[in-house]
Amino acid sequence: MSEESITLTDNRSGKSVTVPIEHGVFSSQGVRELDPGLFFYDPAFKSTASCSSSITDLDGVNGILRFRGYPIEQLAEKSTFLEVAYLLINGELPTPAQYEEWVHHVTYHTYIHENTADFIKGFRYDAHPMGMLVSVVAALSTFYPESKQIHDPQIRMIQAIRLIAKMPTMAAFAYRHSVGLPREYPVNHLTYTGNFLRMMWNVADPNYEPNPVLAKALDLLFILHADHEQNCSTTTMRTVGSAGADPFISVAAAASALYGPLHGGANEKVIRMLHEIGDVKNVAAYVDKVKKGELKLQGFGHRVYKNYDPRARIIKKTADDVFAVTGTNPLLEIALKLEEVALSDDYFIERKLYPNVDFYSGLIYEAMGFPMDMFTVLFAIGRTPGWLAHWLELVQDPEQKIYRPRQAYIGPDKRDYVPIDQR
Ligand code: CMC
């Protein structure tokens, strides 16, 4: 028995069970010993640890985020997105030779089958790029039928590389479709993020080189988004993956969850909110409306962080580098005032509502020229290695089975069918 434990007593039977507390959780197995027909009622899984994981350590009370033990601040300052992707997927930082091989593989899998690219043409000119991305990722599953062999480690790894490599290509193709520009195909001499910027913005310049400051800033933003333990989209990835689905379909499902405005769609909403506020002098009135429950302050609050989101702190610093190149975003002043007012107001203090990753990221994306509906797509590119790392962990975890929660049934008791003409 470990030193920490919890004792539960069933008042109906008088039976007690003492369950060890390990890693901050106690196992439902102990509770099932009291009564195998008894379940926790935990809507939205607020108090449920659905798995054990060695990928991301998130301490929301103290505002700490680590990938495989490495603090996010160090990775943001010293690493690259592809190196972080390697770390998440493989568990360790690569040696120089491993890194070179990894970058080579990702670089040489950036093309997508022309038929997949042609699907994008079929969408309406104003289709949301996230809708296009989700559909094309799902379609990729049919182009790689071997990906269904999820118990083969080599096959698993090649799909992970394909997904990381192809996400920017699909994202940029979706954008080009929405503005009526021809597709710009990947090149092999640029970095992962530089190549993405080229596919987004290049028009008829064979020597196009991305701005290095912007490429570095976007790479950093991808790092910050790379994983965040059991968030809604990652839980979706694990749920769909637990049924034995291939990684393309599982990533499509995860990206669908990310599409929701409460998850990855929030940075788009932040910019819309800042536009709506329009001027620093309107901030106080806006905050009053939030306090009355009429609105939510977008980019504020988090299920796990009850402290300043460390990613928001890093992004805020990066904004200066980006604005030095692009010119400042006039919305920044409103955002800073909003943060100042909110952080000194009892409503937000009592509820421990702080800026999250989305509060400042949209400002940077907008300054870089990304339209608002591409923001969630950028989040999806960054989060792909995290989704895959969780999927890889799941399929190798002997304790995992198909996800199948129970419910508290609150519907009608048995009643007899009444023919329609007698109702
Ligand atoms: N503005 C105003 N009040 C808020 C906000 C907000 N942004 N977020 C939470 N609250 C209030 C909420 O009304 C509740 O108040 P009360 O106790 O009086 O009912 C209290 O704070 C607790 O909130 P909750 O809704 O129980 O918290 P949750 O853990 O279910 O929701 C959240 C977390 C992120 C969905 C929510 O804070 C929110 O909707 N924030 C705005 C959207 C946003 O920024 N989302 C991005 C999250 S970070 C990126 C990611 O991980 O995807």
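Residues numbered from 1 in each chain as written. Predicted model: local features only at pLDDT ≥ 70, side-chain atom pairs only at ≥ 80, totals over all residues. Heavy atoms only, no water.

Asks: For this particular structure, what's the right way to read the overall build of the protein?
Replies: Tallying secondary structure elements over the protein gives 18 helices and six strands in all. For 423 residues, the compact-globule formula gives about 22 Å, and the C-alpha radius of gyration of the protein, at 24 Å, lands near that figure. Classification of the 423 residues of the protein by burial places 49% in the buried group. At a minimum sequence separation of 6, the contacts of the protein that also span at least 24 residues come to 70%. Split by element, the accessible area of the protein, about 21300 Å² in all, is 54% carbon and sulfur. (Helix = DSSP H or I, 4+ residues; strand = E, 2+ residues; numbered from the N terminus. Rg over C-alpha atoms; globule rule 2.2 N^0.38 Å. Buried < 20%, exposed > 50% of the residue type's maximum accessible area, 1.4 Å probe, protein only. Contact = heavy atoms within 4.5 Å. Areas by Shrake-Rupley, 256 points an atom, 1.4 Å probe, with all protein chains shown as cover.)

Asks: So what exactly am I meant to see when it comes to a positive patch on the surface here?
Replies: A grouping of Lys46, Arg303, Lys306 and Lys352 is seen on the molecular surface, where their side chains present a positively charged patch. Look at Lys46 and you get exposed, because its relative accessible area is 58%. (Patch = residues over 30% accessible without salt bridge, like charges linked within 9 Å, V, L, I, M, F, W, Y side chains within 5 Å. Salt bridge = Lys/Arg side-chain N within 4 Å of Asp/Glu carboxyl O. Lys, Arg positive; Asp, Glu negative; His and termini not counted. Charge placed at Lys NZ, Arg CZ, Asp CG, Glu CD.)

Asks: How should the environment of His128 be read in this particular structure?
Replies: If you trace the backbone, His128 turns up in the loop between α5 (114-121) and α6 (129-143). By relative accessible area, which is 22% here, His128 ends up partly exposed. Taking the C-alpha atoms as reference points, His128 and Ala174, 46 residues apart in sequence, are found 8.6 Å from one another. Beyond its immediate sequence surroundings of up to four residues, His128 is in contact with Tyr259, Glu268 and Asp373. Within the structure, the side chain of His128 is placed 3.0 Å from the backbone nitrogen of Met130, a separation counted as a polar contact. (Polar contact = N/O pair within 3.5 Å; in protein donor to acceptor, adjacent residues only side chain to side chain.)

Asks: I keep staring at the pattern of salt bridges and nothing clicks. Help me out?
Replies: Within the structure shown, the criterion is met by 18 salt bridges. Between Asp10 and Arg12 there is a salt bridge, with the nearest N and O atoms lying 2.7 Å from each other. Among the ionic pairs, Arg66 bridges to Asp57, the shortest N-O distance being 3.5 Å. Classification of Asp57 by relative accessible area gives partly exposed; the value is 40%. Three or more residues are tied together by salt bridges with common partners; here these are Glu114, Asp118, Lys121 and Arg183.

Asks: Could you clarify how one ought to interpret the pairing of strand β4 (residues 56-59) in this entry?
Replies: Along a regular strand, successive side chains alternate from one face of the sheet to the other. Burial of the side chains of β4 is restricted to one face: Thr56 and Leu58 are buried, whereas none of Asp57 and Asp59 on the reverse face is. Across four bridges, the pairing between β4 and strand β5 (residues 64-67) is antiparallel. Following the sheet pairing, Asp59 is matched in β5 by Ile64. (Pairing = 2+ DSSP bridges.)

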